[in-house]
Amino acid sequence: MIKLETERLLLRQLQDEDVEAVYAYRSDPDVARYQSSRLYTLEDAKLFVFELKETQLGTVGEWVQLGIILKNEQKLVGDVGIKLNGKQAKIGDIGYTVNPAYQNRGIAKEAVGLVLKTMFTEFDVHKIMATIDPRNIASERLLIHWGFHKEAVFRKHYWDKIDQAWQDEYVYGLLKNEFL
Ligand SMILES: CC(C)(COP(=O)(O)OP(=O)(O)OC[C@H]1O[C@@H](n2cnc3c(N)ncnc32)[C@H](O)[C@@H]1OP(=O)(O)O)[C@@H](O)C(=O)NCCC(=O)NCCS
């Protein structure tokens, strides 16, 4: 079982007992706002956990999702996902979510930093990408914090179901030698 740790956080594979905690934040409209606006039902949270709990860091072609545990509360407060591209296993995409009750405390920065370090050093990944809605300020600041570069602007590229409008997407990238 994968376990990555800082003094404050433990990142580990999802477990059956995480369903309620995952549901609590993934059913929140603020969390879903820039993640396809999909509000999870309890059933969705179960599927999310059951389908992803066996995936191992370093797996190619599918999302690997790690739960973020706040050690002093023994509570799952978010998740970080990484997907290595099927054709070029050395390039991956990253995604992250933190329960709103725990946001703006540096948790995503710390968890993402740990995953980036692990992917670059232990799995020799060459580049990690992230796609964001430009209005998602916290997400963009997180990427900038870790040295990601804005590489592309896709104009009016996805349909925002809430605003009923086409929205831009930014694609950010970070090379191994820019991080280490
Ligand atoms: C993006 C997200 C994971 C950030 O989590 P977090 O733990 O609150 O982030 P951190 O506390 O590590 O802060 C990261 C940066 O965002 C800033 N930030 C955090 N919350 C913010 C807010 N509400 N408004 C503006 N900036 C914010 C922090 O100041 C920090 O920037 P800095 O380094 O320049 O000071 C969280 O907002 C979230 O889960 N959002 C919903 C899901 C989502 O949109 N995921 C990303 C999809 S691309």
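Our subject is the structure listed above.
Residues numbered from 1 in each chain as written. Predicted model: local features only at pLDDT ≥ 70, side-chain atom pairs only at ≥ 80, totals over all residues.

A.B. asks: Which residues make up the sheet that holds strand E8 (residues 165-175), and what are the values?
C.D. replies: Reading across from one edge, E1-E2-E3-E4-E5-E6-E8-E7 is the order of the eight strands in this open sheet, with mixed pairing throughout. The outermost strands of the open sheet, each flanked by one partner alone, are strand E1 (3-5) and strand E7 (149-160). Taking each pair of neighbouring strands and ignoring which way they run, the sheet shows an average axis angle of 25 degrees. Where strand E6 (residues 127-132) meets E8, six bridges bridge the pair, whose relative direction is antiparallel. Residue pairing for E8: Met129 is matched across the bridge by Gly173. (Pairing = 2+ DSSP bridges. Helix = DSSP H or I, 4+ residues; strand = E, 2+ residues; numbered from the N terminus. Axes fitted to C-alpha atoms, helices over the stretch in contact; angles between N-to-C directions.)

A.B. asks: Mind laying out helix H3 (residues 42-52), listing which residues take part and the relevant values?
C.D. replies: Ala45, Phe48, Val49 and Leu52 are the residues of H3 that are buried. Viewed end-on, H3 has its buried residues packed into an arc of 90 degrees, placing them on one side of the element. Exposed positions of H3 whose direction lies more than 90 degrees from the buried face are Glu43 and Phe50. Buried residues belonging to H3 abut helix H1 (19-26) and strand E3 (64-70). (Buried ≥ 20, exposed ≤ 12 C-beta atoms within 10 Å, placed from the backbone. Arc of directions from axis to C-beta. Contact = placed C-beta atoms within 7 Å.)

A.B. asks: Outline the site of the ligand, listing residues and values.
C.D. replies: Close to the ligand lie 22 residues, the nearest being Gln103, Ala108, Lys109, Ala138 and Arg141. For the shell around the ligand, the elements supplying multiple residues, two or more each, are strand E5 (91-98), helix H4 (107-122) and helix H5 (137-145). No other element matches the six residues that H5 contributes to the shell around the ligand. Its residues placed into classes, the shell around the ligand shows ten nonpolar, nine polar and three charged. (Near = placed C-beta within 6 Å. Nonpolar A, V, L, I, M, F, W, Y, C, P; charged D, E, K, R; others polar.)

A.B. asks: Residue-level account of the environment of Ile82, with values.
C.D. replies: Mapped onto the elements of the fold, Ile82 is located in strand E4 (residues 75-84). In sequence terms Ile82 and Asn177 are 95 residues apart; their C-alpha atoms lie 19 Å from each other.

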